[in-house]
Amino acid sequence: MITMHDIKSHYFFTDEDAGLLRELRPLAEANSERMAQEFYDYLLGIPETAEFLKDDLVRKKLFQTHREWFLDMFSGNYDNLYYHTLQRVGYAHVRIGLNSHFVNTAMNIVRHFVIELLQENFPNIEKRRKYRNAAEKIIDINLDILSASY
């Protein structure tokens, strides 16, 4: 059975990466509403994903859930609990019949958002590169775990 430790080692995700992401947490908090809005604008623009978001209460709950998930990527804590939480999310996507293609494309929206956020806030290319590398790793790890549910 694969563990979070295994996954992190396969992605060369280090304690330094976790620390860099933790440093980005205040920036993520300040922009989580904007990220979630862009994420939902994207999902609502696709008929296949908009179908899952027709109910206002469901959409509001999921909006908050996605904000929390986004912030968790910057927690610095990536243990087996983190892994199992992502697995449950992946299984929920499978259970409702969400095509994995849309998980992949939505994660691309998050990736571009984070990259643009780093470009806006870190003019020093070396510092930005360190943050970007750590962010790309955790995004890929999230996508890997979610995709494995399919």
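Before reading on, note that the structure itself is shown above.
Report follows, based on the coordinates. (Residues numbered from 1 in each chain as written. Predicted model: local features only at pLDDT ≥ 70, side-chain atom pairs only at ≥ 80, totals over all residues. Heavy atoms only, no water.)

**So, the packing of aromatic side chains**
- Evaluated as defined, the whole model comprises seven aromatic pairs.
- A centroid spacing of 5.3 Å and a plane angle of 85° characterise the contact between phenylalanine 13 and tyrosine 78, whose relative ring orientation is edge-to-face. Of this pair, phenylalanine 13 sits in the loop between helix 1 (4–10) and helix 2 (15–44) while tyrosine 78 sits in the loop between helix 4 (56–72) and helix 5 (80–96), and the two are 65 residues apart along the sequence.
- For phenylalanine 13, a relative accessible area of 9% gives the class buried.
- For tyrosine 78, a relative accessible area of 4% corresponds to the buried category.
- Summarising the aromatic geometry, the rings of phenylalanine 39 and tyrosine 40 are spaced 5.7 Å apart at their centres and angled 65° between planes, so their arrangement reads as edge-to-face.
- Aromatic ring contacts, followed pair by pair, group Phe13, Tyr78 and Tyr82 into a single cluster. (Phe/Tyr/Trp six-rings, centres within 6.5 Å; stacked < 30°, edge-to-face > 60°. Helix = DSSP H or I, 4+ residues; strand = E, 2+ residues; numbered from the N terminus. Buried < 20%, exposed > 50% of the residue type's maximum accessible area, 1.4 Å probe, protein only.)

**Here's the deal with the pattern of salt bridges**
- Counted under the stated rule, the structure contains eleven salt bridges.
- Linking glutamate 51 and lysine 54 is a salt bridge whose minimum nitrogen-to-oxygen distance equals 2.7 Å.
- Here the residues in one salt-bridge network are Arg111, Arg132, Glu136 and Asp140, joined through shared partners. (Salt bridge = Lys/Arg side-chain N within 4 Å of Asp/Glu carboxyl O.)

**Some words on the environment of lysine 61**
- One can find lysine 61 in helix 4.
- On the basis of relative accessibility, which here comes to 62%, the residue lysine 61 falls in the exposed class.
- Measuring from C-alpha to C-alpha, the distance between lysine 61 and tyrosine 150 comes to 23 Å, with 89 residues separating the pair along the chain.

**Some words on the packing of helix 2 against helix 6 (residues 100–121)**
- The contact between helix 2 and helix 6 brings their axes to 10 Å, and the two run at 140°. The angle between the axes of helix 2 and helix 6 places the two elements in the oblique class. Viewed along their axes, helix 2 and helix 6 form a crossing whose handedness is right-handed. Contacts between helix 2 and helix 6 involve Leu24, Leu27, Asn31, Arg34, Met35, Glu38, Phe39, Tyr42 and Leu43 on the former and, on the latter, Thr105, Ala106, Ile109, Val110, Phe113, Leu117, Leu118, Glu120 and Asn121. (Axes fitted to C-alpha atoms, helices over the stretch in contact; angles between N-to-C directions. Parallel < 35°, antiparallel > 145°, perpendicular 65-115°, else oblique. Left-handed = near helix turned anticlockwise from the far one by under 90°. Contact = heavy atoms within 4.5 Å.)

**As for the side chain of threonine 105**
- With respect to the helices, strands and loops of the structure, threonine 105 is situated in helix 6.
- Judged by relative accessible area, which is 19%, threonine 105 ranks as buried.
- A distance of 3.1 Å separates the side chain of threonine 105 from the side chain of tyrosine 42, its partner in a polar contact. (Polar contact = N/O pair within 3.5 Å; in protein donor to acceptor, adjacent residues only side chain to side chain.)

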